[in-house]
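In case you want the letters, here they are:
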Amino acid sequence: MVLVFSSLHAQEVHTVSLQEAMKLAKENNKKVLKSQLEITLAEQNIKERKELRLPDVQLNGMYSRITNITEFKGDGFLNGKEVTKAIPEIYEVNSTFKMPIYVGNKINNAIKIANQENEIAKIKSEKTENDIELEVVANYLAIYKMMELQKIFEENIKEEKSRLKEVQSLQKHGTVTKNEVIRAELQLSDRELNALTNSKNIQIALHDLKTLIQIPENEEIAIDTTASLDEMNGLDPYDFYLNKAMQNEEMRIASQELNISKTEMQLVKGNYLPSVNFFGNYGFYYPNYKFFPPNPYLYTLGQVGIEARFDLSALYKNKTKVAKASTKIDVQKMQTEIIKEEIQDQLYKEHTQYQEILEKFVVVDKALDLAEENYRIVKLKYLNQLVLITEMVDADNALLQAKYNKISTRLDAILKHYQMMHTAGIMPNAGS
């Protein structure tokens, strides 16, 4: 009953392949979702800027009470007071509108900047998706590497236990010393500790992966080690990747930011130009204070026309703003060049490192063959009491390292390929 109860409450294990993990991260990761909201915000900003072309319409109302009008018509101070009775209540209801006709092209430039900011938001969202996908790849391959290492450790632990029994048996027959038994026990203990640490690191990395792809906390996750991982041995010339990298997300963002700086310059220059607005108003008023004494009648009055304004102070105040906008363009141009050089350096480094990893394949394969042969020879000698256990341990460590190097090199090649694709701005699609 206990076993049945435990199995019912066992956590569901969600096994994912690399491509599935990338797809889930692209769909569910909170950073990706946030970047998509920022696109929506940028689109709303465009709509808001376009609404600047619409007329401003206001409806105003007022009620007040006033005192009688007192005049002093005498020669002295406050002499000859004469009071005129006023209508004590005033009512006003009026509406006004104002619509821009020409404001130095500022509205068009504001809309243009909003569109450019929207393009940046889209590129940033694309970059966020690619960044998260690369993070998933790095995390996934790190788990894969640790799981392969765990297999090596477990195989090695079995062999170490078998060797310990052999050494203990030889000690009983007096053919080896107690020191050799202790050395075998230490080697086994060291392997078990390494396996324990590695297994805990796998748990941590799996939890990180679960967060990246937004698997629920109550689900266990595992990677699909049965799925094939393409080694991606093909390597195109450096110039191919460089040409692609000059159009990657960072370069496109820098280009749009430079365009924004140039549009802002046009926006600032618009301060030198006049503004023309179409306006009108219409209202109901009571009483009629257009005459004196006021008439106790409700009246209406409307007005429509064109208003033109020119800010003379802009002729001397706007120079610094224009100079500042020009400097900002120069800064952005320099920033674009800095980003370009950083991308070139990063791509050259990754291209060279990828080439190096591919060249290591033959070396690590040969090293594993040599380590296996060396282990076979040393083990045979050890069983015939021709070498000490220290040489057996050294051969064992060398074989373990050679096995790990072969697996690690293959996985490093896959990761470096993705890193190079990421820098070049041509990350493979998650569904491909």
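Residues numbered from 1 in each chain as written. Predicted model: local features only at pLDDT ≥ 70, side-chain atom pairs only at ≥ 80, totals over all residues. Heavy atoms only, no water.

An unreviewed UniProt entry lists the protein chain under the name TolC family protein, from Flavobacterium ginsenosidimutans. Under the heading Sequence similarities (unreviewed entry), UniProt records this for the protein chain: "Belongs to the outer membrane factor (OMF) (TC 1.B.17) family." Under Subcellular location (unreviewed entry), UniProt gives the following word-for-word description of the protein chain: "Cell outer membrane". (UniProt positions renumbered as here; feature names shortened; annotations may be inferred.)

Trainee: Help me out: how do you make sense of helix α2 (residues 18–28) in this one?
Mentor: Since the α-helix turns once every 3.6 residues, residues separated by three or four places project in the same direction. Every buried residue of α2 is accounted for by Leu18, Ala21, Met22, Leu24 and Ala25. One side of α2 holds all its buried residues, which, seen down the axis, span an arc of 165°. Next to the buried residues of α2 lie β1 (13–16), α3 (30–50), α4 (106–172), α5 (178–213) and α9 (389–424). (Buried < 20%, exposed > 50% of the residue type's maximum accessible area, 1.4 Å probe, protein only. Helix = DSSP H or I, 4+ residues; strand = E, 2+ residues; numbered from the N terminus. Arc of directions from axis to C-beta. Contact = heavy atoms within 4.5 Å.)

Trainee: Would you mind going over a nonpolar patch on the surface with me for this structure?
Mentor: Taken together, Leu59, Val93, Tyr282, Phe284 and Leu298 make up a surface patch of nonpolar side chains, about 540 Å² in accessible area. Considering the arrangement of structural elements, one finds Leu298 in the loop between β7 (275–286) and β8 (299–309). By relative accessible area, Leu298 is classed as exposed at 58%. (Patch = residues over 30% accessible without salt bridge, like charges linked within 9 Å, V, L, I, M, F, W, Y side chains within 5 Å. Areas by Shrake-Rupley, 256 points an atom, 1.4 Å probe, with all protein chains shown as cover. Salt bridge = Lys/Arg side-chain N within 4 Å of Asp/Glu carboxyl O.)

Trainee: Is there a simple way to explain the sheet that holds strand β2 (residues 56–65) in this structure?
Mentor: Across a sheet, paired strands are connected by hydrogen bonds in the backbone, their directions being either parallel or antiparallel. Taken together, the 4 strands give an open sheet; going across it, the order is β2-β5-β7-β8, and neighbouring strands pair in antiparallel fashion. The strands lining the two open edges of the sheet, one partner per strand, are β2 and β8. Strand after strand, the sheet turns through a mean of 15° between neighbouring axes, direction not considered. (Pairing = 2+ DSSP bridges. Axes fitted to C-alpha atoms, helices over the stretch in contact; angles between N-to-C directions.)

Trainee: How should the packing of α2 against α3 be read in this particular structure?
Mentor: For any two helices packed against each other, the geometry comes down to the angle between their axes and how far apart the axes lie. It is the contact of α2 with α3, at a shortest axis distance of 6 Å, that shows an interaxial angle of 40°. One finds that α2 runs oblique with respect to α3. Packed against α2, whose contacting residues are Ala25, Lys26, Glu27 and Asn28, the element α3 presents Lys30, Val32 and Leu33 at the interface. (Parallel < 35°, antiparallel > 145°, perpendicular 65-115°, else oblique.)

Trainee: Please clarify how the layout of surface pockets should be interpreted in this entry.
Mentor: One way to see where empty space is left: roll a probe the size of a water molecule over the atoms. The computed volume of the largest pocket comes to approximately 250 Å³. Around the largest pocket, the lining is made up of 15 residues, and of these Lys106, Gly270, Asn271, Asp311 and Ala314 lie nearest the centre. Each residue belonging to the lining of the largest pocket can be placed in one class, and the counts come to 5 nonpolar, 5 polar and 5 charged. (1 Å grid on protein atoms, 1.4 Å probe; cavity = no way out; pocket = protein on both sides within 12 Å on 5 of 7 lines; lining within 4 Å. Points joined across faces, edges and corners; volume = space filled by probe spheres on them. Nonpolar A, V, L, I, M, F, W, Y, C, P; charged D, E, K, R; others polar.)

Trainee: Can you walk me through the environment of Thr15 in this structure?
Mentor: Residue placement: Thr15 occurs in strand β1. With relative accessibility at 43%, the residue Thr15 sits in the partly exposed group. Leave out the neighbours within four places in its chain, and Thr15 touches Glu20, Ala222, Ile223 and Asp224.

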